[in-house]
Every structure is written in C-alpha cells, then in structure tokens.
Amino acid sequence: MAFADQLATPFAHILPGQCLHKDTAHVLASTCLRQVLNTSTIDTHTYPIFPQNHYIYYFTTHVMEVNKDSKAQSNAIKSWAEDDRPREKLLLKGRNALSDAELLAIIMGSGSRGESAVSLAKRILTDHQNNWHELAKCEVSELCQYTGIGEAKAISIITALEIGRRRAGQNIKEKVKITSSNTVFEIMNPLLGDLGVEEFWAIYLNQANKVLLKEKISQGGISQTVVDQRRILRKALEKSATAIIIAHNHPSGNLTPSPMDIQITEKIKQSAELMDIKLLDHLIITQTAYYSFADEGKL
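The sections below set out a description of the structure shown in this document. (Residues numbered from 1 in each chain as written. Predicted model: local features only at pLDDT ≥ 70, side-chain atom pairs only at ≥ 80, totals over all residues. Heavy atoms only, no water.)

1. Observations concerning the pattern of salt bridges
Here is the rule we go by: Criterion for a salt bridge: a side-chain nitrogen of Lys or Arg within 4 Å of a carboxyl oxygen of Asp or Glu. Working definition: with a 1.4 Å probe on protein chains only, accessible area under 20% of the residue-type maximum means buried, over 50% means exposed, and in between means partly exposed. The helix count covers DSSP runs of H or I at least four residues long, the strand count covers runs of E at least two residues long, and both are numbered beginning at the N terminus.
Tallied over the entire structure, the rule returns 11 salt bridges. Glu115 is paired through a salt bridge with Arg123; the nearest N and O atoms lie 2.9 Å apart. In this structure Arg123 comes out as partly exposed when scored by relative accessible area, which is 34%. Ionic pairing is found between Glu162 and Arg165, a salt bridge with its closest N-O pair at 2.5 Å. Of the two residues, Glu162 and Arg165 are both situated in helix α9 (residues 151–168); the distance of three residues between them amounts to about one turn of the helix.

The following block contains the structure:
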C-alpha cells in the first residue's frame, strides 16, 4: 500500500463530526506530503518513518498539524456530551443553568491546546477568589499571562465585565402601563399619525397590562395593508404575553372602520382566545384622533 494510502485512512476521520470520502482523503494526504516535504513525488523508501501521533494535512492555503493524542482530545469541549458544552447547555437549559466558569468559557471561545475553555476559566476565576469584581480589576497584560489567553480574548473578557458594571449602574426602565385607549393613542400616534401609507402594529402586554413590546406587523398602500395573524400570535407566545392590542392608521383621515378592519379584528380575537390571549383593543389612528373598537363596544 502506498504511503499516501496509509495516511488517507486517518484522514477520513481527522476532523470531529466530519468523514471524508477515501479518494478525497487520499488526495489530501498526497497533497499535504508534497507540500510539507517539498517534493513532487512520495518515496516510501526515502520517508518510511512518520510520527504516529500526528497527521499533517494541507487545508486551503495553510499547512496545519492535528495532534491525535487521546488525552488532549478528551479535554476538548467538542468531545464532551452535548449537555455539558456551555453553548449547548445555555440553549437547552437557559442562562441560569451555567456556572461562572461556563459563562467565562463562552466569552473566551476556546482554551489552549492542552486545556479546555471551561478548565481555563475555572483556573482564572480561582486565581481571583471566584469573584467577578476581582477579575474586573485585571488589565489586558495580566490576563495574557495565562496560556491560551491572547490579547483578543483578554479584551473580550474585559469588555464583558465592563458591560456588566455599566448595567448594574443603570436603572431598569419602567414599562408603560395601558390604562385606556388614550394611552395606546399616545404611544402609537407618533409612529402612525403622519404616515402616508398604512401600517399595522401589535402591542404585547403582560398580566399587569404593561407593554412588553410593540412591533410593526406589516406595511401596505394608501388604503390597506395585509395582516399575518399567525405572526402576531407567534410573537405573543414568544413574549409570554397575556394580552395584545392592535393598531393601524388611515392616511385618508377617515376613522370609520372598513369591512376588512372589522373582519381582521374578529379573526385575531378568535385565534387569540384559543391560546388564552385576550385582544383588548383595536385602534384606528389618524393624525389628530382615533377610533377604539373597545370604546365603541365592537369587541
């Protein structure tokens, strides 16, 4: 068997999660040997000995070395169970399930050749009394003393901690509470009152009728816009909203609901009720006034 063929076998499984076709692996193996050894042909008599724990391959424009040492692989985050990987764990269980070390590991992105990101993060935190305030005192040069931490990673860590410091110093903005149709008009008139085309918006509320989010659903012509009720309800579920208010403008200045306005109001109301979400109101807004379906007893 040619030397390139011998090297092709491990090539087919050299990358975690990837499996190369045997012919592709052979080409890669041959190419890398020619590149590394700077020769147009491979002579197994000339080069009969090759390190058993390394396979060198040529990938795009770089010659890279992959260490097949099993101990190093066992330390790599990619070899861990999916439930134990920081990013995957966050997606599966939420941010609160992550330890401080796992959060820091995500910020760093990777560890060093012989140490996983989580292991390195634990070591850094231990050196700083497992206290974010102590770690926040570090300068870039101090963090770069750790093997596996370069300038870019050090800057990422310092930036994340600075964001946390600034967040702690800010007051939480109080959510606006909807108390009447006039409150809705005050919120939506600056967005819709002067427009020359119709726009349809939804306001998502919590149990206390406080605004979680307001979102433009669609935009149309002068006289109408198409409304996707599925998008409204999907977003309501995502935000855990218990109630919604819809609103759109009439550029003509006419506050009278059209048959389409009445129809879409009823469709959204019925669909929302199936999900235990209440449609509280539908406002038609002009530059200076509004029409409320709730105030007019149309809901």
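Let's pick the thread back up.
2. Section: the sheet that holds strand β4 (residues 211–219)
Filter applied, for reference: For two strands to be treated as a pair, DSSP must find at least two bridges joining them. Axes here refer to lines fitted to C-alpha atoms; in helices the fit is confined to the stretch in contact. Angles between the N-to-C directions go from 0 to 180 degrees.
Overall, mixed pairing links the five strands, which are arranged β4-β3-β5-β6-β7 in an open sheet. Strand pairing shows two members of the sheet lacking a second neighbour, β4 and β7 (290–292), which therefore form its edges. The sheet shows a mean angle of 20 degrees between the axes of neighbouring strands, direction not considered. Across seven bridges, the pairing between strand β5 (residues 243–249) and strand β6 (residues 278–285) is parallel.

3. Side note on the packing of helix α11 (residues 229–238) against helix α12 (residues 259–274)
Quick reminder of the rule: By definition, turning the near helix anticlockwise from the far helix through less than a right angle yields a left-handed crossing, and turning it clockwise yields a right-handed one. In this description, contact between two residues means that some pair of their heavy atoms is separated by no more than 4.5 Å.
Two elements in contact, α11 and α12, have axes whose closest approach is 10 Å; the angle formed by their N-to-C orientations is 35 degrees. In the packing of α11 onto α12, the handedness of the crossing is right-handed. Contacts between α11 and α12 involve Gln229, Ile232 and Leu233 from the former and Lys267, Ile268, Ser271 and Ala272 from the latter.

4. Section: the packing of helix α5 (residues 100–108) against helix α6 (residues 117–127)
In plain terms, the rule: Under this grouping Gly is polar, as are all residues other than the nonpolar Ala, Val, Leu, Ile, Met, Phe, Trp, Tyr, Cys and Pro and the charged Asp, Glu, Lys and Arg.
It is the contact of α5 with α6, at a shortest axis distance of 8 Å, that shows an interaxial angle of 115 degrees. Crossing of α5 against α6: the hand is right-handed. In this structure, α5 contributes Asp100, Ala101, Glu102, Leu104, Ala105 and Met108 to the contact, and α6 contributes Ala117, Val118, Leu120, Ala121, Lys122, Ile124 and Leu125. Residues that form the contact of α5 with α6 fall into these classes: 10 nonpolar, no polar and three charged.

5. Here's the deal with α11
Our working rule: Regarding the arc, it is the one traced by the directions from the helix axis to the C-beta atoms. Pairs of N or O atoms are called polar contacts if they sit within 3.5 Å, as long as, within protein, a hydrogen donor faces a hydrogen acceptor (for residues adjacent in sequence, only side-chain-to-side-chain pairs).
All of the buried residues along α11 are Gln229, Ile232, Leu233 and Ala236. Relative to the axis of α11, the buried residues are bounded by an arc of 90 degrees and lie together on one face. Of the exposed residues in α11, those oriented more than 90 degrees away from the buried face are Arg230 and Glu238. Close packing links the buried residues of α11 with β3 (199–205), β4, β5 and α12. For α11, the N-terminal cap is Asp228; the gap from its side-chain oxygen to the backbone nitrogen of Arg230 is 3.1 Å. Positive backbone phi, at 55 degrees, marks Ser240, one or two positions downstream of α11.

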